[in-house]
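Overview (structure and organization)
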Amino acid sequence: MQPTLLILAAGMGSRYGGVKQLDQFGPNGETIIDYSLFDAIRAGFGKVVFIIREELREDFEEVFGSKLAGKIEVDYAIQALDSYVPAEVGEVRRTKPWGTGHAMLCAKDHTHTPFAVINADDFYGLEAFQLISDFLTTNTDDQLHAMVGYEVRNTLSENGSVSRGVCEVAENGNLLSVIERTKIYEQANGGNEKKIVFEEADSLTPLSPDTPVSMNFWGFKPSVFPLVEHQFESYAIANINSPKAEFYIPTVMTTLIQTDTGHCKVFRSHSEWFGVTYPDDKPVVQTALKQLHDNGAYPEKLW
């Protein structure tokens, strides 16, 4: 049974200043999603589900519909503000989506095989897709999930702070905890040296450069959906009056681990990640993608 790929593409792109999910970065106008799809197909994925806002559906169908025809099954899941929100919450008074964990839940009725979850605006590379695909197609433990962890030094932006799920990993390679840190950056450390820190409540905490972080590349078994739904219902009720609160996938995984209802194997990647958080990230990504084409990692044209 071929795994399914869920692409988180409902974000507002407030720091980028536009719909970066559909912006063109490759030498032939490719989006970053194009590279994820190309690698996912090569790694054996059989279906993709775009998790989007309703107003983006027509654009996504126009950009990806024809090029994917006959290559991979395509479906769309809508992340609406009231999706899976319990009646106790009443009218939802928010302007932004509930977060990545909620987005994953919105694909529940579209996903019937083991599945991976990725961001629309991150480039992960073929290795990551192959690792997760192999895991999802061979591992039969319904309570064992997976993620690809990247070294934090390979995931920073020169143009501002980034959000990352900082991971603690056990000796057996399983995840102990993952905590979302929303403001990670490099700071001068005397001379030409720099150190990596995360900022929280006006305090700075250093991070080792090889600290594994989540870039939202997860592998799950479908049995996780009822657990996620239960978690989100409790979260939504507790955050009725917090319109900026977000239900993250790292929160989902941490709860599974703490309640012994799930475990997560961490695949370590030493590859350099790249993606777009700020407008000034775009030329960096364009240069990196052109080099990959020039080096033969991708054909002259993907499709």
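This text follows the structure it describes.
Just so we're clear, the structure is a prediction, and the values are computed from it rather than from any experiment.

1. Here's the deal with the pattern of salt bridges
Any two side chains of opposite charge can pair if their charged atoms end up close together. Summed over the entire model, instances satisfying the criterion amount to 13 salt bridges. Here Asp34 makes a salt bridge to Lys67, at a shortest N to O gap of 3.1 Å. With Asp34 in helix H1 (residues 32–42) and Lys67 in helix H2 (residues 57–68), the pair connects residues that are 33 residues apart, well separated along the chain. Between Glu229 and Lys108 there is a salt bridge, with the nearest N and O atoms lying 2.7 Å from each other. Within this pair, whereas Glu229 is found in helix H5 (residues 225–238), its partner Lys108 is found in the loop between helix H3 (100–106) and strand E4 (115–119), the two being separated by 121 residues in sequence. On the basis of relative accessibility, which here comes to 24%, the residue Lys108 falls in the partly exposed class. Here the salt bridges do not stand alone but share partners, grouping Lys47, Glu73 and Asp75 into one network.

2. Structural notes on unusual backbone geometry
Despite not being glycine, Ala201 shows a phi value in the positive range, around 50 degrees. Looking at the element boundaries, Ala201 is found in the loop between strand E9 (194–200) and strand E10 (203–207). On the basis of relative accessible area, Ala201 is assigned to the exposed category, the value being 75%. Look at Asn216: it is not a glycine, yet its phi comes out positive at around 60 degrees. Structurally, Asn216 is set in strand E11 (residues 212–220). Of the residues examined, Asn216 reaches a relative accessible area of 11% and is grouped as buried.

3. Remarks on the side chain of Arg94
Residue position: Arg94 is located in the loop between strand E3 (73–78) and H3. A polar atom in the side chain of Arg94 sits 3.2 Å from the backbone oxygen of Lys96. Separated by 3.0 Å, the side chain of Arg94 and the backbone oxygen of Pro97 make a polar contact. Setting aside residues up to four positions removed in sequence, Arg94 forms contacts with Leu81, Ser242, Pro243, Lys244, Ala245 and Glu246.

How each quantity is defined
Residue numbers restart at each chain and count upward from 1, following the sequence in its written direction. Reporting of local features is limited, given that this is a predicted model, to residues whose pLDDT is at least 70; pairs of side-chain atoms are given and counted only at 80 or more, and all residues count toward the totals for whole chains, interfaces and linings. Only hydrogens and water are removed before side-chain values are computed, so all heavy atoms of the structure are retained for them. A pairing counts as a salt bridge when a side-chain nitrogen of Lys or Arg comes within 4 Å of a carboxyl oxygen of Asp or Glu. Comment: elements are numbered from the N terminus, with helices defined as DSSP H or I runs of at least four residues and strands as E runs of at least two. Exposed residues in this analysis have more than 50% of their type's maximum accessible area, buried residues have under 20%, and partly exposed residues fall in between, with area computed by a 1.4 Å probe over protein chains only. Think of a polar contact as two N or O atoms within 3.5 Å of one another; within protein, one of them needs to be a possible hydrogen donor and the other a possible acceptor, and neighboring residues in sequence only count if both atoms come from side chains. Contacts are residue-level and defined by heavy atoms, with any inter-residue pair within 4.5 Å sufficient.

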